[in-house]
Amino acid sequence: MVQKYQSPVRVYKYPFELVMAAYEKRFPTCPEIPVFLGSEILHESRSDDGAIHIIERSCKLNVDAPRLLKKIAGVEYVFFIQKNTVNWKERTLRIEAHNETFANRVVVLETCSYSVHPENEEWTCFEQSASLDIKSFFGFESTVEKIAMKQYTSNIKRGKEVIEHYLKELISQGITFIPRWTPPPVCGQKDERTPAGGHDADDVPLESGAPGTTKEQTGSSCPPAEAVSPDADKLDADYIERYLGQLTPMQESCLIRLRQWLQEMHKGKIPKDEHILRFLRARDFNIDKAREMLCQSLSWRKQYQVDYILQSWRPPALLDEYYTGGWHYQDKDGRPLYILRLGQMDTKGLVKALGEESLLRHVLSINEEGQKRCEENTNTFGRPITSWTCLVDLEGLNMRHLWRPGVKALLRIIEVVEDNYPETLGRLLIVRAPRVFPVLWTLVSPFINENTRQKFLIYSGNNYQGPGGLVDYVDKDVIPDFLGGDCMCTVPEGGLVPKSLYQTEEEPENSDHIRLWTETIYHSASVLRGAPHEIVVEILEGESVITWDFDILKGDVVFSLFHSKRAPETNHKEATLPSTSAAGDNVQLIDKAWVLGVDYSRMESPLVCREGESIQGSHVTRWPGFYILQWKMHGPLPCSGTSLPRVDDVLASLQVSSHKCKLIYYYEVLASKDFSSQVSRGSCIH
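- As recorded in an unreviewed UniProt entry, the protein goes by the name SEC14 like lipid binding 5, listed as coming from Strix occidentalis caurina.

So, in structure tokens, the structure goes:
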């Protein structure tokens, strides 16, 4: 595999001619670079006007490799051929180098360039690129590759330090100005100008002490207010350090190469540098893996118009009241701080009232807002801030938060965030974790990236108070009042979502956006007199567990579970009442001709479910076949003998005589080994 390196643009705040004088001091030997043992000129030429100067050298290097490897290779030193082409007229230097030693086994190519800064002609830019291709090396290909890359990267930044060292040496000698190249005078014309350049830097007349040529004026005459890239398509090293943070040379190279690939190949909006860097970090700077992950995310963003979510998304009023999360200043490192009072949130009620689509869009808007706040804090605090801190308060967390559909929705949201917002979470502080928390953590943690899990800090009880707690990460005057701090926090306190707000119909198509959540967890259904609603679950083999969770939103129904060896046929029915139209969310499966006990059998006793009740249950299957879940309208029981019907039954019959019952339901099939059967019911269950 060919290893490649591409440097950012490094800027010397000195004129090109002065930088060239410093560069030539590296030859023929350079004590500042121990690996460089010396060089000799193989060929040298100049153009007639002196503007072009070409020097070809043989450079001797001492590679820091194991003695055994050197002995096997039969060499003590490595030789490179370096060709330097300086154009004094254009003020550029191009350096091309390749290895002479082991050229048939290893191919090393390097290209460097010095040029004038496009925005300040008194500054000089430097770029460097290289490639390493080890074809064969006595079976030590991997070892040689590691040694070569380690040595190369360790000397990259050293190169800039050496130039700066010789620049300071020149300035200490009083050399602060070197005239630019000028064309030679026309024959017979007296030249009264400043002595021309166009010679080797060591031969150029160096003047000092001239007015306006002090170090301060030459080296920093027009400093910009902030780091500016010398080219819109290139990255400046100072810009990287200021806005993206400290990166190793190879990390810088990965960022630049992936960015270049996007500029050349990606048709669409190019993501910001900090966004590209997050994907590289998420894949340990493996360019191929990061590129694949980033391209999938960019396609996802385009398909669902995520770039515009902050402008288009307006949270429903219900979210503003019952979603217990919000932004709250920043932590000690300047990261935006997001507070989530998860223990006070009615996750079940929010899912049932809003649907998964709204919750997912809200979470995405939070992540988009987080990235925006990171950029703002980077400018405010003058240092790179690329992630945020989340403070999660679990007081109030109990078994209702482990409600399976809610956990399923949470896992789906985590999956979307992990795939599209990697490395945005800098730290997660979990406080007041109750005894039930390990159960939730066991369910959720396998879906969280290992790098992300390492950022979690968990405090049980009141351990978050005092040294070693929140005060280590959040300023005392920012800690929320509900955690014992002095800062008033505007995050909603939440509470139970009223069942009257639960959705009773499938969410209608929204013309403003494409659905992010193509499969809803909850389905709605209508139950009419003479038209029960039924769903079928096919069990192929072995023991399985059918689980269900439903809420009766209107009317009273009877729930039953049946088994049949025959596959039922789906049949959408109309209501028997003349005033009712076709029930699009009502499905019947049990044929009128089927006989109970012959064509199908009852697996669970009928359960009367009253309006407003929440029902959760499960059934361990014994045989393969088709299991039918049925909800039918509840009516008065038939009378026997001379007994009169009960008053409650008569009133119930009158209540539903002209109305259909409504419910929302969820079901799932699990392997029996993964499930502990449990049934719970009651209107107090959420």
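**Some points on a nonpolar patch on the surface**
Item 1. Together, Leu-37, Tyr-77 and Phe-79 make up an exposed nonpolar region whose accessible area comes to about 240 Å².
Item 2. Following the sequence through the fold, Leu-37 ends up in strand S3 (residues 36–46).
Item 3. Overall, the relative accessible area of 35% leaves Leu-37 in the partly exposed class.

**Concerning the environment of Ala-65**
Item 1. With respect to the helices and strands, the residue Ala-65 is situated in the loop between strand S4 (52–61) and helix H2 (67–73).
Item 2. What makes Ala-65 buried here is its relative accessible area of 18%.
Item 3. Taking C-alpha positions, Ala-65 is 8.4 Å from Val-144, a pair spaced 79 residues apart along the chain.
Item 4. For Ala-65, the residues in contact, after removing those within four places along its chain, are Lys-70 and Ile-147.

**Regarding the packing of aromatic side chains**
Item 1. One pass over the structure, following the stated rule, counts 21 aromatic pairs.
Item 2. Centre to centre, the rings of Phe-437 and Trp-441 are 6.1 Å apart; their planes meet at 25°, and the pair counts as stacked. Within this pair, Phe-437 and its partner Trp-441 are both found in helix H14 (residues 437–444), separated by four residues, close to a single helical turn.
Item 3. For Phe-437, a relative accessible area of 10% puts it in the buried group.

**Observations concerning the pattern of salt bridges**
Item 1. Evaluated as defined, the whole model comprises 30 salt bridges.
Item 2. Asp-331 is the salt-bridge partner of Arg-427, the closest N and O atoms lying 3.6 Å from each other. Of the two residues, Arg-427 sits in strand S12 (residues 425–433) while Asp-331 sits in the loop between strand S9 (325–330) and strand S10 (336–340), which places them 96 residues apart along the sequence.
Item 3. Given a relative accessible area of 15%, Arg-427 falls into the buried group.
Item 4. Taking the shortest distance from any N to any O, the salt bridge between Asp-551 and Lys-352 comes out at 1.7 Å. In this pair, Asp-551 is assigned in strand S16 (residues 544–554) and Lys-352 in helix H11 (residues 347–354), connecting sequence segments 199 residues apart. Pair check on accessibility: Asp-551 and Lys-352 agree, each one buried.
Item 5. In the salt-bridge network here, residues are joined through shared partners; they are Lys-348, Lys-352, Lys-499, Asp-549 and Asp-551.

**Describing the layout of surface pockets**
Item 1. In this structure, the largest pocket spans a volume of roughly 1200 Å³.
Item 2. Secondary structure elements with two or more residues in the lining of the largest pocket: S10, H11, helix H12 (356–381), strand S11 (388–393), helix H13 (404–420), S12 and H14.
Item 3. Considered class by class, the residues forming the lining of the largest pocket number 35 nonpolar, seven polar and four charged.

**Considerations on the nonpolar core**
Item 1. Formed by 56 residues in total, the largest nonpolar core has its most connected members in Tyr-323, Leu-350 and Ile-430.
Item 2. Excluding its chain neighbours within four sequence positions, the residues that come into contact with Leu-350 are Leu-318, Leu-319, Tyr-322, Tyr-323, Met-345, Gly-355, Leu-359 and Val-497.

**Here we look at the environment of Gln-344**
Item 1. Its location among the elements puts Gln-344 in the loop between S10 and H11.
Item 2. When the C-alpha atoms of Gln-344 and Glu-395 are compared, they prove to be 7.1 Å apart, with 51 residues separating the residues in sequence.
Item 3. In this view, Gln-344 contacts Thr-324, Glu-395, Gly-396, Glu-493, Gly-494 and Gly-495; residues no more than four positions away in its chain are not counted.

**Here we look at the pairing of strand S21 (residues 614–620)**
Item 1. Burial of S21 is extensive: six of the seven residues sit out of reach of the surface.
Item 2. Sheet topology places S16 next to S21; seven bridges connect them, and they run antiparallel. For Thr-547, the partnering residue across the bridge sits in S21 and is Ser-618.

**Description of the pairing of strand S17 (residues 557–564)**
Item 1. Of all eight residues in S17, eight are buried; the element is thus mostly enclosed.
Item 2. Relative to strand S20 (residues 601–609), S17 is paired through six bridges, and the arrangement is antiparallel. Counterpart to Leu-561 in the pairing with S20 is Glu-604.
Item 3. Here S17 pairs with strand S22 (residues 625–633) via eight bridges, running antiparallel. Across the sheet, the residue bridging to Val-557 is Met-633, located in S22.

Cut-offs and rules
- Residues numbered from 1 in each chain as written.
- Predicted model: local features only at pLDDT ≥ 70, side-chain atom pairs only at ≥ 80, totals over all residues.
- Heavy atoms only, no water.
- Patch = residues over 30% accessible without salt bridge, like charges linked within 9 Å, V, L, I, M, F, W, Y side chains within 5 Å.
- Areas by Shrake-Rupley, 256 points an atom, 1.4 Å probe, with all protein chains shown as cover.
- Salt bridge = Lys/Arg side-chain N within 4 Å of Asp/Glu carboxyl O.
- Helix = DSSP H or I, 4+ residues; strand = E, 2+ residues; numbered from the N terminus.
- Buried < 20%, exposed > 50% of the residue type's maximum accessible area, 1.4 Å probe, protein only.
- Contact = heavy atoms within 4.5 Å.
- Phe/Tyr/Trp six-rings, centres within 6.5 Å; stacked < 30°, edge-to-face > 60°.
- 1 Å grid on protein atoms, 1.4 Å probe; cavity = no way out; pocket = protein on both sides within 12 Å on 5 of 7 lines; lining within 4 Å.
- Points joined across faces, edges and corners; volume = space filled by probe spheres on them.
- Nonpolar A, V, L, I, M, F, W, Y, C, P; charged D, E, K, R; others polar.
- Core = buried A, V, L, I, M, F, W, Y, C linked by side-chain atoms within 4.5 Å.
- Pairing = 2+ DSSP bridges.

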